[in-house]
Structure formats: C-alpha cells, structure tokens
Amino acid sequence: MHPATLSKLQNSATSSEAAARSAPFEKVEYPVAINLLRDTGIVLDQQHFTWRELVQTPYCKLTDDAFTRVRVILMNGIESEALRFGHACARMNGPLQGALAQVRRVEQHQQTLVNWLNPADQNPLETTIGFEQVAIEVTASVAEKEPDAYLAQVYRFGLLEDFDHLYRYSALMDRIFGKDANTLVQSYSDIVPGRPTAVEHRHPLDDLRRIYHRRRADPLTKLHAYTLMAGEHQTHDYYMTIGPMFADPVARQLYAEIASIEEQHVTQYESIIDPNETWLEKWLLHEANEVYNYWSCLESETNPRIRAIWERFLEYELGHVRFVAELFEETERRDAAEVLPARLPEPIRYESHREFVRETLRRELRLSAAGTKFVDRDEESTMTRAYRDQMNAEGSPSETVAAGYVWHPGGELSDPATRLDRSGRKGRRRAA
Amino acid sequence: MTQHRDGELINRTGVGAAPELAEQMIAGPGEFPPSSEGSAQALAEVRVTYAQQTEIFEGAKAAAGDGASQSALIEPGRSVLLMDKLGERLAFEHAGARLYEALVSKHRAYGDFAGGPGAEDLMQILGEEYEHAAMLEHAIAELGGDPTALTPSANLATNVSAGLPQVLTDPRTNLLQCLEAIVVAELADNECWTVLNALAREAGHEELAATCQQAIAHERDHLRKVRRWIAAGHGRSAEGENRSQSPDTSERDATEEEFTFSKDSPVDREGYVISDEEARETGATQSRATQSGATQSGSEPQARKGKRSKG
C-alpha cells in the first residue's frame, strides 16, 4: 500500500471526487514504482461500495478527452473478463469457489462503477465508435511494444481489421443519423478503410495462433494477451447485445457481421495464451493484468475525478493480487514470483498511433492467415475461401454501408457531391 | 388463455387479451404488498439529490449554455448562445436530411397513396434540408465557429429526436407511419428556426436572420405538406373535411389550421403568438403585424406558428 494515497483511498468515492475537483489536475508519477510481489494494496475485506458510489457522474462526451472514453471502455472489458474467468474457474474448481466468489463480487462492482461512467447521451453506436478506437489505439500500443515478433504480427493483424470496423461504423453513423464519428474519435484515429471487413471472414481453424510458452514468455507478452483477449471479448458481447436495438436492416446486418469478426478475434487472442497455465496461475495473471491496466490508466488519465477512480481500483487490484498469490503459493506450493514480475513493464500508451497504423496498413493490408501462419490473401486456405463466399453470398453489409464513403469533417453531407440529386442519385461513385 | 381467433393475430398487450390470467395478476398485489412505503415521488427525490450533489463538471456547464466552456469553439466576443443554436440546427438538418433520405426509400418500398407525397415532393424537401445545412455551415464559419463541432444544444437535440430514425429506417413501418414520425421533426424545425431567427436578429446579424426567414418559409411549407399527407393517409382533410377536396383547396385549408394564427394575433416579446388572456396578463400590446423587425418582406407566411391560442 502506498502511504501517499492511503488516506485518500480510504475516503468514499464522493469524497474522492470532491478532493479531485478541488485541485486542478497535474500529471504526477505514481509515488513509488509498483511491486507486484510486495505491495499489499487495500485488503479484500476492506473493499466496500454503496449503490450511490457505483453510480457516479459520467465523463462528458463533449469535453473529456477521447482517451478517457477509451480507458473506461477497456477497463469495463478487463473487469468483464475478470468475471468471465472467475465463473469458468469456479465451474471447474470446487475448492476455489469461495475465494472466487469473494473477489468476483468486488470486481463485479468495479465493473459497474466503471461501465456506468459512460454517459447516457452517448448512444450505443457512439459507444461502438469508442470500442473500435480502443481496439485500434490499445492494440497499436501493444503491437509496438510486444517483445515476441510472432505475437506482434498477430496484434498488427487484428489491428487492421478493427481499424476497418471504425470506418464501417462511422459510415453507418453518418448515413443513418447524419453524425460525424470524429466528434468522438477527436481526430486521434483515421477514419479510412483498413483490411476490408468483407475479407476478414475466415474458417475457424485459420483463426488459431501459436501459443506463448508459460515459462519462457516475457511477462509483458502475457499481459498483452490477457488485455486484448478481454477487450475483444467484451466488444463481441457488446455488439451482440446492442445489434438488435437498431431498426435499420443494414445496421442490424453490420453488427451481425462485425460481431462475427470479434468472435474470430477472441478465438485468435485466447489461442495465444498457453493452455498449460494452471487455473490458479491464470487467476493470478488476470489479477496482475488488472493492476497493470489500472496503472496504465492512472498514468495517462486527464480527468482528475476519473483518475481518482483508477487510483482506488489500482489499490483494490493489488489487494486481489496479494489474496490470490497467497492462495496460489499455499495450493501449488510454488512462489508467485515464478509467475509474476516484481516490476510492471511500461504502461499502455493512450495516444494516437496514426503513423504506426498507416505504416502497417501500407505493408500488411493483404495479409491473411492459413492455420497459424500469416500469408498473402492469394494463399488462403480453400476452407476460408469457401466459408467467406458462403457468408457473403447474399451481399456484404460492411461493403453496402460504406459504399463510396469518404470521411469528411462534419460528416459526408458537408460534401455536396455526396447528396442525392433530384432524381434520387448520389453524386459520388468510388470503389474501395 | 390467449389464442388466435380464427387465425387472426390478436394484440396480446392488454389485460383484455387474457382475462383469466389478468384476474390472477390483479389478485397478486393484494396478497403481496410493497416492501417499502411511498410513491413514484421517491424517484424524483433521488433525481433531485443527484442533480444537487453531482459535480457540475465542464459538460454540464456547456449543456446549460455556459460561455466559458464554449471558448474552444468560437472566438471571444461572439454570441455563445447563437453559436450553440446554429450548431443545433446544423446537426438537426443533417439528421433531417438522413430522415428524408430514409423517407425516399420508404416511398420506393411502399409507393404512393391517395393524397400522399410523390417522390419529387420528398426530393424537394430533402434538397431544402441539404441547402439549410450548407447555409448553416457557412454561417458558423463566417462567425468564427467550427461547423464540425458538436455543440451542447446539438447534442441535446439529437438525443431528443433519437427515436425518429428508428421509425424511419425500420422496414416494418409504412410510409404513413413514417410521415407521422417526421412531422415531429418538422414541428421542432419550425420552432427552432424561429428561435434562431430571433437570436440572429438580436445579435445584429441581419443577413443571417434573413436567411433564417427563408428557411422558416421552407419549414412551414414542409410542415403544411406533411400534415396534409398525413391527413390524406387518415382519410380526412387537414381540417377534418372529406378527402374529395381538390389539392388546391387542401393546400389552402392546411394553412388555416388551428395551430396557426392571424396577423392580428398578439405576440410576446420573442414574437410568439399568445392568447388574448396571456396578452392581458403580460401587458403585451403588439400584434404580429406591428412587431418591428419580425417581418421580412416577401418571405413571411400568412400566419405564424406559436403557442396555441385559447381565445
């Protein structure tokens, strides 16, 4: 536990909000480098909430930085994964059920508090734009820093696909609602086609990748894999929830199509994690990853009120690491240091990765996968081609929605060439 | 038990659809009372508490029209409220253009109905929505603002009207149902262009005000037409007269609906028509015809939409 933050963290969230508001934000380094093996954080039985605390003032869609939204969306995904894993683990490990239930209850409340920071004036499609910006900028940060060359390729591969989703959803937002998605991405991320969603559909066996080795992999590699698996899984679940809320058939189709790609991405990212990790080892890594992510958020957050939340939950997660590490050492009779690094690696960079993304786009647009290998699209498996042809046999929603779409500041309609003329025809005709 | 009657679909939403089940439903609360005392007012108390305790952060100030939070959007010294409302209209016109594009699709799918719009009627309105948006972009830029920024009022307006595209783009709704949705947008358009006109005039932007007047004339025309099409779809005239009237007669009648007023109607300071009773209470003496600056020659319609008169 860091003494510098202890007193603040013991206050209620409302008090923390007030404290944060009273002083203008100054970016400060966390007082002492985090030590995953020694820091105790806030112990589990002192982690409390009230309903009022869970439902706090959301961030502001108009005035908060886009990366605040990005962090909130990702951390909701991280906590969602904590619950998902915790339940799966409980179903397979009777003796751990009590311990899992205790930690999971707190994490469920953490997820609630974080997810409820999304404002009500941000509709599901606008939040979708936020999800795709997460997938672009967080994946780009991960891809740039990943020490394993093969896995860096895996991340760049996924990046170009999610990058395309932002473009497709932006076209949808513009063409149904007359809204410019850049009001959300705030010019940090390009709104142009990536690897076209229509060609992202692959046979399930071509979505599997090689695993990292649990004993030899760099700790950062594990954190990256756990982070992106969590983010993509939540993205899939979100699209599956909100897709049917749209009336427009193209919107419903587009969500169906992109949710299918997110399922592919979850398949890809979970396949890189060594399945030989024990259940407790995985649990410990999940908790360490939550520390890493809250710390990354803390390092970059510009909204002081939300920064106080990251700070509080960082301490909660350190408490979870301690709790699970003791359980791990007691149960498996080995040192937590075999699994966890003492020091955290560099944080995720919440910033625009425009040049990295563009360069990847230039070099790797035509990449596909055959089995665990990355190949040119010409070398795809017959299984993937057959599957894709089948899915696209009655048309491609992602191509339809963005037919000739060129992002324009203020929205497509600001460009006179895109308006319907009196005969009902569009001026623009542009092939991708 | 609910069941199909002679193979026809029945609406299952009311208690009348399943009287026996409904009887059991009604008996339930008698045996199992509420766990807490009070009324729906309890929700109001929480809302008030949140409103009072919630941090007044930058966005809330922006939504309330606070000038400081708008500084990034416009140059100092400009009318913040005017810029906010220009942004609102622009967002609404862009959204409105997409609504009419959807309506054109709906027309293609369902075709004409007697007295309803033709494709060219809808295209004309759509073209005017495009023109309004282009004019607003130009006006915002001229005043030193950023036409691509989402202003607080724009954000609010798009949330207020969020249900409209859901109706317009739903393949299950027909042309008439969509017209009933779009009349909501047209009513808002008429109201908000009037406000924008007043703000522009107060700020001394006469050229902008004149353009607003032109847009108001368009929007009145849109509203009149949409009302007439809906009336035709219902099998009535805009004033409840029978549908056998000639188109010319319908058009004239539509301009004299109860929601419009004569030149002699009293108005308040903002130019809204008010009732005689309200005029006596507020001491307003102006009529529409005498209100200075409110009329642009050649562009003012016969009657002005406003508060419904009881007089």
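Residues numbered from 1 in each chain as written. Chains lettered and ligands numbered in written order. Predicted model: local features only at pLDDT ≥ 70, side-chain atom pairs only at ≥ 80, totals over all residues. Heavy atoms only, no water.

Chemist: Talk me through the overall build of chain A; I want residue IDs and the actual numbers.
Modeler: Of the regular secondary structure elements, chain A holds 15 helices and two strands. Evaluated residue by residue, chain A yields a buried proportion of 62% over its 432 residues. The contacts of chain A with a sequence gap of at least 6 include a subset with a gap of at least 24, amounting to 85%. Entry remark: accessible area of chain A is about 16700 Å², with carbon and sulfur atoms responsible for 53%. Computing the positive centroid from 51 side-chain charges and the negative centroid from 66, chain A places the two 3 Å apart. (Helix = DSSP H or I, 4+ residues; strand = E, 2+ residues; numbered from the N terminus. Buried < 20%, exposed > 50% of the residue type's maximum accessible area, 1.4 Å probe, protein only. Contact = heavy atoms within 4.5 Å. Areas by Shrake-Rupley, 256 points an atom, 1.4 Å probe, with all protein chains shown as cover. Lys, Arg positive; Asp, Glu negative; His and termini not counted. Charge placed at Lys NZ, Arg CZ, Asp CG, Glu CD.)

Chemist: Any chance you could break down the overall build of chain B for me, citing the residues and the numbers?
Modeler: For chain B, the count of helices and strands is 11 helices and zero strands. The secondary structure elements of chain B, listed N-terminal to C-terminal, are α-α-α-α-α-α-α-α-α-α-α. Looking at chain B as a whole, 46% of its 311 residues are labelled buried. Long-range contacts, defined here as pairs at least 24 residues apart, represent 70% of the contacts in chain B between residues at least 6 apart. Accessible surface for chain B amounts to roughly 16600 Å². Of this, 52% is attributable to carbon and sulfur atoms.

Chemist: Break down a nonpolar patch on the surface for me, with residues and values.
Modeler: All names here are of chain A. Judged by side-chain polarity, Leu205, Leu208 and Met383 come together as a nonpolar surface patch covering roughly 250 Å² of accessible area. Assignment of secondary structure puts Leu205 in the loop between helix H8 (182–185) and helix H9 (219–242). On the accessibility criterion, Leu205 (49% relative accessible area) is partly exposed. (Patch = residues over 30% accessible without salt bridge, like charges linked within 9 Å, V, L, I, M, F, W, Y side chains within 5 Å. Salt bridge = Lys/Arg side-chain N within 4 Å of Asp/Glu carboxyl O.)

Chemist: Break down the packing of aromatic side chains for me, with residues and values.
Modeler: All names here are of chain A. By the definition in use, this model includes 20 aromatic pairs over all chains. Taking the centre distance of 6.2 Å and the plane angle of 55 degrees together, the rings of Phe131 and Tyr239 count as tilted. Residue Phe131 is found in helix H6 (residues 124–145), and its partner Tyr239 is found in helix H9; the two are separated by 108 residues along the sequence. For Phe131, a relative accessible area of 5% translates into the label buried. Note on Tyr239: relative accessible area 1%, which makes it buried. For the pair Tyr294 and Trp310, a centre-to-centre distance of 6.0 Å together with 45 degrees between the ring planes defines the contact as tilted. Of the two residues, Tyr294 sits in helix H11 (residues 279–300) while Trp310 sits in helix H12 (residues 304–332), which places them 16 residues apart along the sequence. (Phe/Tyr/Trp six-rings, centres within 6.5 Å; stacked < 30°, edge-to-face > 60°.)

Chemist: Could you give me a rundown of the interface of chain A and chain B, with the residues and numbers involved?
Modeler: Listed by partner, the interface residues are 37 residues for chain A and 32 residues for chain B. Taken over both partners, the interface formed by chain A and chain B buries close to 3000 Å², and the fraction arising from carbon and sulfur atoms is 57%. Summed over the shared surface of chain A and chain B, the number is two salt bridges. Counting residues per element, the ones that place at least two in the side of chain A that touches chain B are helix H2 (13–22) and helix H7 (149–177) of chain A. Top element by residues in the side of chain A that touches chain B is H7(A). It accounts for four residues. For the side of chain A that touches chain B, the per-class residue count stands at 15 nonpolar, seven polar and 15 charged. (Buried area = accessible area lost by both parts, 1.4 Å probe. Nonpolar A, V, L, I, M, F, W, Y, C, P; charged D, E, K, R; others polar.)

Chemist: An account of the pairing of strand S2 (residues 373–376) of chain A is requested, with residue identities and associated values reported.
Modeler: Moving residue by residue along a regular strand, the side chains alternate between the two faces of the sheet. Where strand S1 (residues 367–370) of chain A meets S2(A), four bridges bridge the pair, whose relative direction is antiparallel. Looking at the pairing, Ser368(A) lines up with Val375(A) of S2(A). (Pairing = 2+ DSSP bridges.)

Chemist: With reference to specific residues and values, describe the nonpolar core.
Modeler: Judged by nonpolar contacts, the single largest core of 113 residues is most densely connected at Val138(A), Tyr155(A), Tyr169(A), Leu172(A), Trp283(A), Leu284(A) and Trp310(A). Once residues within four sequence positions are removed from consideration, Tyr155(A) is found in contact with Thr139(A), Val142(A), Ala143(A), Glu146(A), Thr221(A), His224(A), Ala225(A), Leu228(A), Tyr269(A) and Ile272(A). (Core = buried A, V, L, I, M, F, W, Y, C linked by side-chain atoms within 4.5 Å.)

Chemist: So, the pattern of salt bridges: which residues are in play, and what are the values?
Modeler: This structure, assessed with the given rule, holds 38 salt bridges over all chains. For Glu359(A), the salt bridge is made with Arg363(A), and the minimal N-O distance between the two is 2.8 Å. On the criterion of helical spacing, the pair formed by Glu359(A) and Arg363(A) is a turn pair, its members being four residues apart in helix H13 (residues 354–364). The class of Arg363(A) is exposed, set by a relative accessible area of 64%. Residue Glu412(A) pairs with Arg98(B) through a salt bridge whose shortest N-O separation is 2.7 Å. Of this pair, Glu412(A) sits in the segment after helix H15 (397–401) while Arg98(B) sits in helix H4 (residues 80–110), placing the two residues on different chains. Residue class for Glu412(A) comes out buried when judged on its relative accessible area of 2%. Among the residues examined, Arg98(B) registers a relative accessible area of 2% and is labelled buried.

Chemist: Got a sec to walk through the confidence of the model for chain B? Specific residues and values, please.
Modeler: All names here are of chain B. Mean pLDDT for chain B: 78, with 67% of residues reaching 70 or above. Within chain B, the lowest mean pLDDT, 39, falls on helix H10 (residues 247–254), and the highest, 97, falls on helix H7 (residues 163–168). Under a pLDDT of 50 for its full length, residues 57–61 has, in the predicted model, 11 contacts with residues more than four places off or in other chains. pLDDT under 50 marks residues 240–262. Its contacts with residues more than four places away, or in other chains, come to 39 contacts. Across the interfaces of the predicted complex, the ipTM metric reaches 0.86, alongside a pTM of 0.85. (pLDDT = per-residue confidence, 0-100.)

Chemist: Outline the environment of Glu355(A), supporting the account with residue identities and numerical values.
Modeler: Among the structural elements, Glu355(A) can be located in helix H13. For the pair Glu355(A) and Asp190(A), spaced 165 residues apart in sequence, the C-alpha separation works out to 9.9 Å.

Chemist: Requested: an account of the environment of Asp189(B), with residues and values cited.
Modeler: All names here are of chain B. Within the fold, Asp189 resides in helix H8 (residues 175–202). In this structure Asp189 comes out as buried when scored by relative accessible area, which is 2%. Distance from Asp189 to Ala215, taken between C-alpha atoms, is 9.4 Å for residues 26 residues apart in sequence. Residues in contact with Asp189, not counting those within four places in the same chain, are Arg89, Phe92, Glu93, Glu129 and Glu219.

Chemist: Pulling in residues and values, what's your account of helix H5 (residues 97–115) of chain A?
Modeler: All names here are of chain A. With 19 residues, H5 extends 26 Å from end C-alpha to end C-alpha; this agrees with the ideal 27 Å at 1.5 Å per step. When we look at burial in H5, the residues that qualify are Ala99, Leu100, Val103, Arg104, Val106, Glu107, His109, Gln110, Gln111, Thr112, Leu113 and Val114. For H5, the secondary structure elements touched by its buried residues are helix H3 (51–54), helix H4 (66–92), H11 and H12. (Expected span 1.5 Å × (residues − 1).)

Chemist: Tell me about the environment of Glu146(A), and name the residues and values.
Modeler: All names here are of chain A. Here Glu146 shows up in the loop between H6 and H7. Between the C-alpha atom of Glu146 and that of Leu220, which follows or precedes it by 74 residues, the distance is 7.2 Å. With near-sequence residues (within four places) excluded, Glu146 lies in contact with Leu151, Ala152, Tyr155, Leu220, Thr221 and His224. Looking at Glu146, its side chain comes within polar contact range of the side chain of His224, at 2.8 Å. (Polar contact = N/O pair within 3.5 Å; in protein donor to acceptor, adjacent residues only side chain to side chain.)

Chemist: Which residues make up the packing of H7(A) against H9(A), and what are the values?
Modeler: Residue and element names in this part refer to chain A. The interhelical angle for the contact between H7 and H9, taken along N-to-C directions, is 25 degrees, at an axis separation of 12 Å. The orientation of H7 with respect to H9, classified from their angle, is roughly parallel. Seen along the crossing, H7 lies across H9 with a hand that is left-handed. Judged by residue contacts, Leu151, Tyr155, Asp162 and Tyr169 of H7 engage Thr221, His224, Ala225, Leu228, Glu232 and Tyr239 from H9. (Axes fitted to C-alpha atoms, helices over the stretch in contact; angles between N-to-C directions. Parallel < 35°, antiparallel > 145°, perpendicular 65-115°, else oblique. Left-handed = near helix turned anticlockwise from the far one by under 90°.)

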